[in-house]
Amino acid sequence: MSTAVLAEWALSVDELPDEVRRAASRHLLDGVGNAVAAARLGAGAAGWSVATALGGSSEARPLTGTQPLSAPAAAMASAVLVHALDFDDTHAGALVHPTVVSLPAAFAVGQETGATGAEILTAFALGLETACRLGAVSPHGFHARGMHATGVVGPLSSAVVAGRLLGLSPSVLVHALGIAGSSSAGLLEFLDSDADTKSLHPGSAGFNGILAARLAAAGAGGPASVLEGKRGLYAALSDRPADLAVLTADLGTSWESTRIGIKPYPSCQLMHVTLDAVKAAGFSSGEITDIEVFVHPDSRPIVCGPNAGVAAPRSTYDGKFDLPWSVAALLHDGAVTVGTYTPESIARHEVLDTARAVRVTDMTYDGPAASAPGRALITLSDGSVLEGRVDGSRGSAAFPLDDAGLREKFLSNCGNHSSAPELADLLLTLDDQPDLTAVLDLAADISR
């Protein structure tokens with residue numbers, strides 16, 4: 001069974017390759033920065049307040065918090081913040097957000113067990129790899145069924161992280177994965193509403209993944225066939241073929257966690273390449289009469305829904321999945337930032353007028369939607385046409401943010417707080433830290 005191979009591997013890794021440790025450190029920095037930004041801006045408040053109200057044994061502090069909670073509650077609170085702005089990383093082939101379903105469990109259970117920074121970073125890296133591979137088994141398959149892939153793979157990734165830090169045996173971790181699979185969920189129905197559910201999915205995943213590890217440790221059984229079974233994860237929740245060999249092929253020698261993209265825009269990753277193409281077309285003071293953008297067919301139902309380019313976004317989160325409106329905001333403002341999706345910004349009539357001029361055309365591309373190229377044609381009133389083409393989105397694995405760009409994003413997310421550089425240095429050297437105390441203290445202070 002693939003589950004047994006995954007469990008054996010996750011518990012047997014002694015030392016991470018240097019490039020994997022470096023990649024994990026970069027994603028750690030990005031994830032914490034996104035949580036701090038959300039806390040500063042008041043995003044994800046409902047999920048945070050409910051998670052912290054759960055309380056429980058004083059096992060772990062959530063990111064940006066000072067009150068110790070039970071480890072599952074702390075993971076839930078942290079995960080909601082990391083994902084609240086939709087600014088967190090994406091693996092293109094898997095179309096999942098790996099950090100948000102790995103970091104919260106690593107930090108929560110790491111505190112619970114008194115783990116060192118190196119042990120926490122290793123568990124986090126194993127969670128990243130698990131999430132990427134589970135999603136890549138059936139590319140876009142969960143989305144095609146109407147499921148949020150991150151919510152589907154998240155409980156299993158969190159269970160791997162928790163199982164590693166709790167010191168479970170391989171057989172017990174198999175049970176934990178089987179239990180975690182029964183809590184896999186996350187409906188994409190939010191795309192047609194102003195709902196907050198997408199940002200809540202990782203919170204449930206972290207919570208349930210840790211519970212699954214605890215239940216297995218207490219003797220509860222889960223099906224070892226949770227992945228391959230005729231009523232297993234892929235049979236039930238994916239609408240496309242599943243190749244389970246992807247999960248275990250070259251496991252431990254080839255690392256998908258080194259191929260995770262880091263977002264430069266706080267919006268759905270599937271629109272990033274279009275935003276880059278519009279930027280590549282250049283901006284003009286001339287009056288725009290038509291904007292044509294070419295979009296992968298798998299991206300279209302997610303970022304070009306019935307409301308997109310027709311009416312104003314129904315919420316700030318809805319705006320992050322409205323490609324025509326985001327293109328228009330880019331043309332008006334010259335940039336797309338966390339300020340683009342405030343209530344005041346999404347209510348601008350002039351941006352909506354431009355969004356209504358955006359036409360979406362399907363492109364032909366055989367690869368995954370998240371790694372597709374981008375193209376945009378902007379026609380001006382004098383008849384001239386500006387064309388922008390990009391081979392992929394900035395920040396993706398093929399066109400990664402360099403260390404300076406990543407650090408700039410982190411400092412901005414921290415509001416350029418005077419302590420932000422110190423926090424960045426701690427996160428990038430977590431494997432040298434005795435525990436998370438200094439990291440959590442600084443994150444809480446910066447978030448106030």
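It should be emphasised that the depicted structure is a prediction, and the values quoted were computed from it without experimental measurement. (Residues numbered from 1 in each chain as written. Predicted model: local features only at pLDDT ≥ 70, side-chain atom pairs only at ≥ 80, totals over all residues. Heavy atoms only, no water.)

(A) The arrangement of the overall build of the protein chain in detail. Helix and strand counts for the protein chain come out as 21 helices and 4 strands. With the C-alpha coordinates aligned to their principal axes, the bounding extent of the protein chain is approximately 70 × 50 × 40 Å. Taken over 448 residues, the protein chain has a buried fraction of 59%. Intrachain contacts of the protein chain at a sequence separation of at least 6 include 76% that bridge at least 24 residues. In the form shown here, the protein chain has an accessible surface area of approximately 16000 Å², with 52% of it arising from carbon and sulfur atoms. (Helix = DSSP H or I, 4+ residues; strand = E, 2+ residues; numbered from the N terminus. Buried < 20%, exposed > 50% of the residue type's maximum accessible area, 1.4 Å probe, protein only. Contact = heavy atoms within 4.5 Å. Areas by Shrake-Rupley, 256 points an atom, 1.4 Å probe, with all protein chains shown as cover.)

(B) Fine view of the environment of Leu54. Here Leu54 lies in helix H3 (residues 45–54). The exposure class of Leu54 is partly exposed, given its relative accessible area of 47%. Filtering out sequence-adjacent residues up to four positions away, Leu54 remains in contact with Ala73, Met76 and Phe207.

(C) Layout of the nonpolar core. With 102 residues, the main nonpolar core has Leu63, Phe107, Phe142, Leu227, Leu423 and Leu427 as its most contacted residues. Ranked by residue count, the leading element in this core is helix H6 (residues 117–136), at 11 residues. Once residues within four sequence positions are removed from consideration, Phe142 is found in contact with Leu134, Met147, Ala149, Val152, Val153, Leu233, Tyr234, Leu237 and Ser238. Judged by nonpolar contacts, the second largest core, of 41 residues, contains Leu188, Ala277, Leu331 and Ala376. (Core = buried A, V, L, I, M, F, W, Y, C linked by side-chain atoms within 4.5 Å.)

(D) Expanded view of the packing of aromatic side chains. The final tally for this structure, using the stated rule, is 5 aromatic pairs. Ring centres of Trp9 and Trp255 lie 5.8 Å apart, and the angle between their planes is 55°; this geometry places the pair in the tilted category. You can see Trp9 sitting in helix H1 (residues 2–12) and its partner Trp255 sitting in the loop between helix H12 (245–248) and helix H13 (272–281), a full 246 residues away along the chain. A residue is classified by how much of its surface remains accessible, and Trp9, at 8% relative accessible area, is buried. Trp255 gets classed as buried once you look at its relative accessible area, which sits at 5%. Judged by centre distance (5.5 Å) and plane angle (75°), the ring pair of Phe190 and Phe321 falls under edge-to-face. On the criterion of sequence distance, the pair formed by Phe190 in the loop between helix H9 (170–181) and helix H10 (197–217) and Phe321 in the loop between helix H15 (316–319) and helix H16 (323–333) is long-range, its members being 131 residues apart. (Phe/Tyr/Trp six-rings, centres within 6.5 Å; stacked < 30°, edge-to-face > 60°.)

(E) Fine view of the environment of Leu411. Mapping Leu411 onto the fold places it in helix H19 (residues 403–413). Residues Leu411 and Ala424, 13 residues apart in the sequence, show an inter-C-alpha distance of 8.2 Å. Leave out the neighbours within four places in its chain, and Leu411 touches Asn416, Ala420 and Pro421.

(F) View of the UniProt feature "domain: MmgE/PrpD N-terminal" (unreviewed entry) in the protein chain. The sites that UniProt annotates as "domain: MmgE/PrpD N-terminal" (unreviewed entry) are residues 9–240. The distance from the first to the last C-alpha atom of residues 9–240 is 27 Å, and the span holds 62% helix and 0% strand. (UniProt positions renumbered as here; feature names shortened; annotations may be inferred.)

(G) The domain arrangement of the protein chain, seen in detail. Per the domain assignment, the segments making up the protein chain are domain 1 (2–264 + 412–447) and domain 2 (269–390). Summarising the inter-unit geometry, the C-alpha centres of domain 1 and domain 2 are found 30 Å apart. At the interface, 22 residues of domain 1 touch 18 residues of domain 2. Both sides together, the interface formed by domain 1 and domain 2 hides about 1700 Å², and carbon and sulfur atoms give 65% of it. At the junction of domain 1 with domain 2, the criterion picks out 1 salt bridge. (Domains from an automatic or database assignment. Buried area = accessible area lost by both parts, 1.4 Å probe. Salt bridge = Lys/Arg side-chain N within 4 Å of Asp/Glu carboxyl O.)

(H) Spatial organisation of empty space enclosed by the protein. Tallied over the entire structure, the rule returns 5 cavities of 30 Å³ or more. Of the pockets and cavities examined, the largest cavity occupies roughly 150 Å³. Around the largest cavity, the lining comprises 18 residues; the ones closest to its centre are His97, His143, Lys198, Cys268 and Phe321. When the residues that make up the lining of the largest cavity are grouped by side-chain class, the tally is 9 nonpolar, 6 polar and 3 charged. Taken together, domain 1 (2–264 + 412–447) and domain 2 (269–390) each give at least three residues to the lining of the largest cavity, which thus spans both. Considering only enclosed or pocket space, the second largest cavity measures out at about 80 Å³ in volume. As for the second largest cavity, its lining consists of 13 residues, of which Thr90, Gly261, Gln269, Gly395 and Ser396 are closest to the centre. Of the residues that constitute the lining of the second largest cavity, the class distribution is 4 nonpolar, 6 polar and 3 charged. (1 Å grid on protein atoms, 1.4 Å probe; cavity = no way out; pocket = protein on both sides within 12 Å on 5 of 7 lines; lining within 4 Å. Points joined across faces, edges and corners; volume = space filled by probe spheres on them. Nonpolar A, V, L, I, M, F, W, Y, C, P; charged D, E, K, R; others polar.)

(I) Summary view of the pattern of salt bridges. Using the criterion set out here, one finds 23 salt bridges in the structure. Asp298 serves as the salt-bridge partner of Arg240, at 2.9 Å between the closest nitrogen and oxygen. Taken as a pair, Arg240 in the loop between helix H11 (233–237) and H12 and Asp298 in the loop between strand S1 (288–295) and helix H14 (300–303) lie far apart in primary sequence, 58 residues in all. We classify Arg240 as partly exposed; its relative accessible area is 33%. When its relative accessible area of 17% is taken as the criterion, Asp298 is described as buried. Here Arg359 makes a salt bridge to Asp290, at a shortest N to O gap of 2.8 Å. Highlighted residues: Arg359 in strand S2 (residues 358–362) and Asp290 in strand S1, separated in sequence by 69 residues. Arg359 sits in the partly exposed class, given a relative accessible area of 41%. Using a relative accessible area of 18% as the deciding quantity, one classes Asp290 as buried. In this structure, a network of salt bridges that share partners links the residues Arg22, Arg26 and Asp403.

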